[in-house]
Amino acid sequence: MVSFHTTTANPFYWPKRPYCNITSNFLSIKHRCLLVLKRCSSMKQLSRIHALTQTSGLHRDEHVVSQLLRFYALPPFGNLSYALSLLNHFDHLVPSSWNNLIKDFAKNSLPREAIMVFLDMRTKGIRPNNLTFPFVLKACAMLVAFKEGENVFADVVKHGLDSNVYVQNTLIHLYGSCKKIFYACRVFDQMSCRTVVSWNAIMSACVENSLFNYSIEHFVNMRNSGFEPDETTMVILLSVCTELTNLSLGKCVHSQVILKGLVLNCHLGTALVNMYSKCGWLDYASFIFDKMLNRNVWTWSAMILGLAQHGLAEKSLQLFSKMKSSSVQPNYITFVGVLSACSHAGLVDDGYRYFHDMEHKYGIKPMMIHYGTMVDILSRSGRLKEAYNFIVNMPIDPDPIIWRTLLSACSSIHNVNGDTDDADDVAFEIQKKLLELEPKRSGNLVMVANMYAEVGLFSKAENVRKKMKDAGLMKTGGESCVEVGGLIYKFYSGSGGDSKVDFEGIHQLLDRLDLHMKMLSFS
């Protein structure tokens, strides 16, 4: 039995009642215990009730213990570690007790603990039910644990729950998180019964695998099947618009949100702020941000990052100061926006200060994207060697993107002031690093060759191109896109691009524009 301490509990008294036999008295105590448990409002009261269940023998009652576990695991108490220790002292609890703890661990971003509870449950011979597996599969999705998820799914099949809609919905989510979109689509196609959650799950899986057009197709099929989209559907669609930077489509989705009367809560409001800011309509993003009654850290971060990415560094940093004065604590995305603002404004010292505060003041361990942004801050300010030393001294291995950021800066230094000494030295070192990391990526060598050619070092540029030719590397064709009538058309260098586009008409129009501009230059 779990040891229990009750010295500081608030006074608690059972109601007096007349004498009765032992059985009826036990049942009466159980009834009153459950009644008082529902009215429990503090940890001290919960501790007192727990102690009384032990002295009255109710600690052997599965239902009472299950309710105690539920209260220990859920807010406002939320003592998950104690709930787990209590659970491990009982061999024959009902599945709901285990389900509640698995769910609470998963909800509190403790997926490993959730899976461990599930394994303990199976070891003790407790039979899982249709409510157990969705929580476990969700935990596997959080860890991107495909192999563990497959093992759980084998248990699902063993218990005959592979056709359960709740299990299938979470399975789609798992496969989407693990980049197994084929498996996700297969589960979705085999579903005999679908809900709005099912459609949302497959749409979200497509987004996570960068299949944005397929996500939109699923939405159209969902509407044709008679399902009404909910708030989550709209958030997913807005994320598609954000990734495609398709403002026209984003406006259409927003109009649907208004027509359906959906409440502008944190989740939906943040998605709108993010979409409008990423698509460049910062005035409307700010309008929605100001109208929101409740904002979380993701809302603030979306607005700060949006302002920073569009060069409004001062406004971005002012908003960050306003955020710090509120009760919302910044997260890792917030500092991506703050550091980006410093990069655009050339605030090197402020960048270093924010980078330091991120870890030492707010306890956020820098990630690759933060190191990359610091390199960008130093590179834009012309501190190439300092940026190179910063990369070399990183506590984690730099990725190719960071090296390419610095290499691009070397080229910019050449073009701006012709100061080639530092740029040449740094570029030479970067070239070696990139060839080690990505020996078959032609884009790296193209950047070096172009950098040499732009300052007249044609022999060096030719040597680099010769290396490419000898290695059989081909330059990747350029790509651009344009939005017309809400549709995205892609164009590729050296090819026709989208077959639906009238390229002959486009070329004729460009020729006329070219001739018109030449005529204007002579007028």
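Before any of the text, the structure's been laid out above.
Residues numbered from 1 in each chain as written. Predicted model: local features only at pLDDT ≥ 70, side-chain atom pairs only at ≥ 80, totals over all residues. Heavy atoms only, no water.

What is the right way to look at unusual backbone geometry in this model?
Leave glycine aside and you will find that most residues have negative phi; peptide bonds, for their part, are mostly trans. Here the phi dihedral of lysine 179 falls at roughly 60 degrees; this positive angle occurs in a residue that is not glycine. Along the polypeptide, lysine 179 turns up in the loop between helix H9 (165-177) and helix H10 (181-189). The residue threonine 245 is not glycine, and still its phi comes out positive at about 45 degrees. (Helix = DSSP H or I, 4+ residues; strand = E, 2+ residues; numbered from the N terminus.)

Explain the packing of aromatic side chains here, please?
Scanning the entire structure with this criterion turns up 20 aromatic pairs. Taking 4.9 Å as the distance between ring centres and 65 degrees as the angle between the ring planes, the aromatic pair formed by tyrosine 276 and tyrosine 284 counts as edge-to-face. The interplanar angle of 70 degrees and the centroid separation of 5.9 Å between the aromatic rings of phenylalanine 355 and phenylalanine 390 together place this pair among those described as edge-to-face. Note that phenylalanine 355 is positioned in helix H20 (residues 348-360) and phenylalanine 390 in helix H22 (residues 384-392), a separation of 35 residues in sequence. A single burial state applies to phenylalanine 355 and to phenylalanine 390, both of which are buried. Ring pairing ties together the aromatic residues Phe146, Tyr175, Phe182 and Tyr183, which thus form one cluster. Stacked on the ring of phenylalanine 146, the Lys or Arg lysine 180 has its end atom at 4.9 Å from the ring centre. A cation over a ring is seen here: arginine 194 above tryptophan 199, with NZ or CZ 5.4 Å from the ring centre. (Phe/Tyr/Trp six-rings, centres within 6.5 Å; stacked < 30°, edge-to-face > 60°. Buried < 20%, exposed > 50% of the residue type's maximum accessible area, 1.4 Å probe, protein only. Lys NZ or Arg CZ within 6 Å of the ring centre and 35° of its normal.)

Help me understand the side chain of asparagine 169 in this model?
Examined against the element boundaries, asparagine 169 turns out to sit in helix H9. Leave out the neighbours within four places in its chain, and asparagine 169 touches Met191, Thr195, Val197, Ser198 and Ala201. (Contact = heavy atoms within 4.5 Å.)

Which parts of the structure should I look at to understand the side chain of histidine 159?
For histidine 159, the position within the fold is in the loop between helix H8 (146-158) and H9. With relative accessibility at 13%, the residue histidine 159 sits in the buried group. Discounting residues that sit within four places of it in the chain, histidine 159 has contacts with Arg122, Arg127, Pro128 and Phe133.

Got a minute to help me understand the packing of helix H13 (residues 231-244) against helix H14 (residues 247-259) in this structure?
How two helices pack is summed up by the angle between their axes together with the distance between the axes. Relative to each other, H13 and H14 sit at 165 degrees, their axes nearing to 9 Å. One way to sum up the angle between H13 and H14 is to call them roughly antiparallel. Of the two elements, H13 crosses H14, and the hand of that crossing is left-handed. Where H13 abuts H14, its residues Met234, Leu237, Leu238 and Cys241 lie against Leu249, Gly250, Val253, Gln256 and Val257. Taken together, the residues that form the contact of H13 with H14 break down as seven nonpolar, two polar and no charged. (Axes fitted to C-alpha atoms, helices over the stretch in contact; angles between N-to-C directions. Parallel < 35°, antiparallel > 145°, perpendicular 65-115°, else oblique. Left-handed = near helix turned anticlockwise from the far one by under 90°. Nonpolar A, V, L, I, M, F, W, Y, C, P; charged D, E, K, R; others polar.)

Please explain helix H6 (residues 111-123) as it appears in this structure.
Spacing of three or four residues puts side chains on the same side of an α-helix, whose turn is 3.6 residues. Helix length check: H6, at 13 residues, gives a terminal C-alpha distance of 18 Å against a target of 18 Å (1.5 Å per residue), a fit within 8%. Within H6, the full set of buried residues consists of Pro111, Ala114, Ile115, Val117, Phe118 and Met121. Seen along its axis, H6 keeps its buried residues to an arc of 155 degrees; they face one direction. For H6, exposure combined with an orientation more than 90 degrees from the buried face picks out Arg112 and Thr123. Two residues or fewer past H6, glycine 125 is found with a positive phi of approximately 80 degrees. (Expected span 1.5 Å × (residues − 1). Arc of directions from axis to C-beta.)

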